[in-house]
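# Structure at a glance
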Amino acid sequence: MKPVKRPAERRQVTVLFCDLVNSTSLAEQLDPEELMELFESYYAVCDDVVSTHFGYLAQYLGDGILAYFGYPDASEEAAPNAVRAGLRLRDSIRRIDSPTSEALRCRIGIATGSVVANAIQHNETPHKAGLMIGETPNLAARLQSAAEPDQILVSENTYRITTGLFHHQNLGRRELKGFNRAIPLYAVGEETDSSCRSQARWKTSVLPLIGRQQERELLLKTWQTACEGQGQLLLLQGEPGIGKSHLVGELKRSLIDQGHRQMSWYCGPNTRESTLHPIAEQINRAAGFEKGEADESRHEKLAKLMQRYGATEARSLEVLADLIGLSGANRSALNELTPEKKRQIRLDTLLAMIQAWSNGEPSLIIVEDLHWIDPTTLELLDRLITTAQHQPWMVLATARPEFITPWPSSKHGVHLNLERLDRTASELICSCLNSEEALSPQLTRRIVERCDGIPLFVEETTKSMLELVRAKGPDGGDGIDNIPETLQDSLVARLDRLGAARRLASIGAVIGRSFSYDLLESVASQPDDLLREQMDDLMESGILQVSDQIAGEAYEFKHALIRDAAYETMLKRERQILHEQIAQTLLCHFHQLVDAEPQLLAHHFTRAGSFAQAIPHWISAGRRSADMASHEEAVQHFQTALDLLREACSQEDLPASLELTLLLGLAMSLAGSRSYSAPEVGLILEESRALAERLDDSQSFFTILRGICNFAIVSCDLDNAERSAGQCIQLWEQAQDPIHGIEAHFALGYVHYIKGSMALGRKHLSESIQLYHLHKGWDLSFPSTHDPMIGSLTALAMVEHAAGDPSQVAATLEQAKQHALRLGRNYETVYTMGHELLIHVLQGRYLEAIALSDTILSISDAYGYLTWRAIAKVYKGVSLAQAGQADPGEALSIAMEGMREQQRLGVMTLEGFRLAEIATLHSLAGAISEALSTIHAAEEAVNRSGESYFLPLVHVRKAGVIARAMGHDKPGVLEILDQALAMAKRQGASSFATMINEKKQVYAREDVGSFSL
Ligand SMILES: Nc1ncnc2c1ncn2[C@@H]1O[C@H](COP(=O)(O)OP(=O)(O)O)[C@@H](O)[C@H]1O
Ligand SMILES: [Mg+2]
């Protein structure tokens, strides 16, 4: 095969090394001239074998040769061809006439893997051809040295690709020179009876038929019609790996118990030019030839076979003997026939034999892979189809999309196009192969997304992912985006067929899975008509399709894996140049796109290796996502920027303020996406704190401390929260920045309130509110996620409630509501309502609470405020039960749903109090033991969190639960109430104290049965 000029590229090749055994002793024994002649014969054999197997003989190295398969054009048969060539070389070399007494023998090593292929000029002699750079040629050479005489050793990749085609023997791992890991070795045995990979694949498939039920039924129905005597042709068409053969296999399985005849012809990529090859193979199988069987004996078997099917004419026997390459028989019968006549006899004979074979019985004739059919077989098939019309025959043919059917539709019968599998079916293939659940749901999702519903892709990617997970741990390490080696050759083969449009595919691949025509055009800088022509090629060859992902004229790669293959065949430096070019084009001509999706530009700069330019765009992307509350994306953008920064700079010269900006962005978006209580938020905040201290950057330092304080509050670490809030106050006192003052007093006031220090709480909250008014807080921009005045007013209302001042509570809440209105932000409105709801519950105003929780639920649903939704559900359930508006069981299930949502979100604040309310619901519903265990959990939660404000309240609920559970223990219940009273008094919570006293009196009066909960 003549190599064409191609730029250097990364690609998968199969490399074959062959070396003569004992060549030094040959040199000793032979005269140099004799030796030269011997080598000439040897080289001639190598040349012939390699080229007939579509390989490229790159170098003669003394008594060795080096050959490539799959280069310059990739082929899905590259590795199998290399192995076949190996087998043929071994046999042919033994047959070379040697002047010594011993036959020549060789060792062969074959390896498949990625290399950088140098440009090979087609006018260079093989000796000067460029080498493949990479580990693969070395591996092939080492395998060759490790082989025994006449042995062919292949690498693991080669083995994997060719499994099912040869009988390999696993020799285990061995140390090979130059490799610091033990290398698995496989010795090649004989060929199996599968003639190409697609055939071997379905023969060895372990998967059941997934999906495709309609198609299966259509096949069965067509078979039924054929059985009734109306012959059928069914053409099954679809891309490689879509599952044509699998479906054919399924039909065969379904018919196993039905008496019928069956015959298969396989067309293959290597035999497109061999006349009637599929039939010759079929005859080989039917006649039962054995390996190494002599021609005479084969001839006899053939004659017998033909006799069985009524073909007794000498001429017929000879044309078929000729077809299958039998020599030595009586050829005189053919002598005076023209080639055309021989052809006719051959086709007539075959057709007659098929008819005799079928004998009027239902017959299934399968023709696989018509796109590779040779013209004569196609002619035979055509005649067969005509005959079939009046026979109980079904001709079931498969083909890839490029096959253009020559049959008019009247003759044509059924044409079935196989489409991609849906998501569920792809997932099923994954899970069939992943029966031990070694792949995480994330990896499975990734596979399914990447494989676009092509079962072969799903299967091979899953298998290779399983190998990776086995070797590298549950996340698969950094190889998870690699294309499985079993798919590489066929994917790249599609690209290699492209010609000039290949470059356009590369540019497209660098832009991404989909791209606008405008961008492609700007980067490609080619005349429009040429570009259009090449785009047509890409569309026709099924590499691209029109995309509706992007506005305007846009295209996308039909398969993610084809895009990946196009991307990965480029040299890294070439990709970098293109990424840079795309980034610059975006920057100059695509402002809108850059504004809308700064991450695109950031991505191209990153891939171009221009980190300094990439980072600011990652930051914009992070901020933009954060503004749109797409916190997950924001996290990724900030994280990428941070990684780049750290990669680009050594530890000492990291620009600390930039690092701090990124850390803060990351912490805030993490807090947004996972809540403040996520442990990674705390870690990053701590890291930022150290950095800010070093930098002496008081602005950032404040933001961090405030963040740490929030983190501590929601993770119920109130001591730490108080400490950080105290530090915030210090910063305020030092620099007198009003934002700091307002935030710091709010934070500290909030912590005091929740800890039950009412006086201190009130003091700081009021201070914050005052400062807010003084400095027109509504015009300031605060670092926290919600407005501090709303926070302070609502917390103050809680303090006022405890102090027993209902009219003041109402006034403060009203003020908060007005302020939220003024801010015009829904979040603040809901935040205020959430507190009002809590106060309603505390005040026992359950009807108001029910109405308000419904309002909160509808706003939260509309705007996605998950936390408030969860909380409103809990209080709604509680209030419904307490107000007698719902059956306690039903109310409980609403409340529990809220609890579960809240736990899923990791919302820990006030969890103890809500648990106590749930315990009461259990108690009302008569579920005493749940009530007791829940109240116990509630008490533990409040003690753990230090939310002492709620401690007396939890005790009151506890008293109620216990009174219900063990009515006889009046003194015990009273004791709990007394404890609660003491706590309330210590806190200065006079409304709680009043309420507890009332409960005590009620309890003293009433009998247990009607004890008010
Ligand atoms: N419907 C299916 N359910 C399960 N596996 C499938 C299905 N279709 C195809 N496969 C798997 O995908 C691989 C490729 O299918 P195959 O039938 O050889 O494709 P084609 O003949 O279209 O090139 C096979 O190994 C087979 O196991
Ligand atoms: Mg197939």
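Note: the structure precedes this text.
Residues numbered from 1 in each chain as written. Chains lettered and ligands numbered in written order. Predicted model: local features only at pLDDT ≥ 70, side-chain atom pairs only at ≥ 80, totals over all residues. Heavy atoms only, no water.

### Section: the packing of helix H36 (residues 806-823) against helix H37 (residues 826-843)
Interaxial distance between H36 and H37 falls to 8 Å at its minimum, and their mutual angle equals 165°. Comparing their axes, H37 and H36 come out roughly antiparallel. Relative to H37, the crossing made by H36 is left-handed. Mapping the contact onto sequence places Val-809, Leu-813, Ala-816, Lys-817, Ala-820 and Leu-823 in H36 and Glu-828, Thr-829, Thr-832, Glu-836, Ile-839 and Gln-843 in H37. Considering only residue class, the contact of H36 with H37 consists of 6 nonpolar, 3 polar and 3 charged. (Axes fitted to C-alpha atoms, helices over the stretch in contact; angles between N-to-C directions. Helix = DSSP H or I, 4+ residues; strand = E, 2+ residues; numbered from the N terminus. Parallel < 35°, antiparallel > 145°, perpendicular 65-115°, else oblique. Left-handed = near helix turned anticlockwise from the far one by under 90°. Contact = heavy atoms within 4.5 Å. Nonpolar A, V, L, I, M, F, W, Y, C, P; charged D, E, K, R; others polar.)

### Examining the pattern of salt bridges
Counted according to the given criterion, the structure contains 50 salt bridges. The residue Glu-361 makes a salt bridge to Arg-261 at a minimum N-O spacing of 3.8 Å. Taken together, the residues span a long stretch of sequence, with Glu-361 in the loop between helix H13 (339-358) and strand S11 (363-368) and Arg-261 in strand S10 (residues 261-266) at a distance of 100 residues. Overall, the relative accessible area of 32% leaves Glu-361 in the partly exposed class. Here Arg-845 ties to Glu-848 by a salt bridge, and the two come within 3.6 Å at their closest N and O atoms. A cluster of three or more residues bridged by salt bridges with shared partners is formed by Asp-861, Arg-869, Lys-873, Glu-897 and Glu-901. (Salt bridge = Lys/Arg side-chain N within 4 Å of Asp/Glu carboxyl O. Buried < 20%, exposed > 50% of the residue type's maximum accessible area, 1.4 Å probe, protein only.)

### Comments concerning empty space enclosed by the protein
Within this structure, the stated rule accounts for 2 cavities of 30 Å³ or more. Its volume calculated, the second largest cavity comes out at about 30 Å³. If you go around the second largest cavity, the residues you meet are Cys-196, Ser-198, Gln-199, Trp-202, Ser-245, Tyr-266, Cys-267, Glu-368 and Asp-369. With 3 residues, the top contributor of residues to the lining of the second largest cavity is helix H6 (residues 197-204). Among the residues making up the lining of the second largest cavity, the classes are represented as 4 nonpolar, 3 polar and 2 charged. (1 Å grid on protein atoms, 1.4 Å probe; cavity = no way out; pocket = protein on both sides within 12 Å on 5 of 7 lines; lining within 4 Å. Points joined across faces, edges and corners; volume = space filled by probe spheres on them.)

### Remarks on helix H33 (residues 738-754)
In this model H33 runs 24 Å from its N-terminal to its C-terminal C-alpha over 17 residues, within 8% of the 24 Å that 1.5 Å per residue would give. Here H33 lies mainly inside the structure; 16 of its 17 residues are buried. Positive backbone phi, approximately 85°, marks Gly-756, located one or two places after H33. (Expected span 1.5 Å × (residues − 1).)

### Some remarks on the pairing of strand S4 (residues 106-117)
Of all 12 residues making up S4, 9 are buried, and the element is well covered by its neighbours. Bridge count for strand S1 (residues 9-20) against S4 is 12 bridges, and the pairing is antiparallel. Paired with Asp-19 across the strands is Arg-107, a residue of S4. The pairing of S4 with strand S6 (residues 152-154) spans 3 bridges and is parallel. Following the sheet pairing, Gly-109 is matched in S6 by Leu-153. In the sheet, S4 pairs with strand S5 (residues 132-133) via 2 bridges, with the strands oriented antiparallel. Bridge pairing in S5 places Ala-117 opposite Met-132. (Pairing = 2+ DSSP bridges.)

### Brief notes about the environment of Leu-531
Of note, Leu-531 is situated in helix H22 (residues 528-540). With 27 residues separating them along the chain, Leu-531 and Leu-504 place their C-alpha atoms 8.2 Å apart. With residues near it in sequence (within four places) discarded, Leu-531 still touches Leu-504, Tyr-517, Glu-521, Ala-524 and Gln-526.

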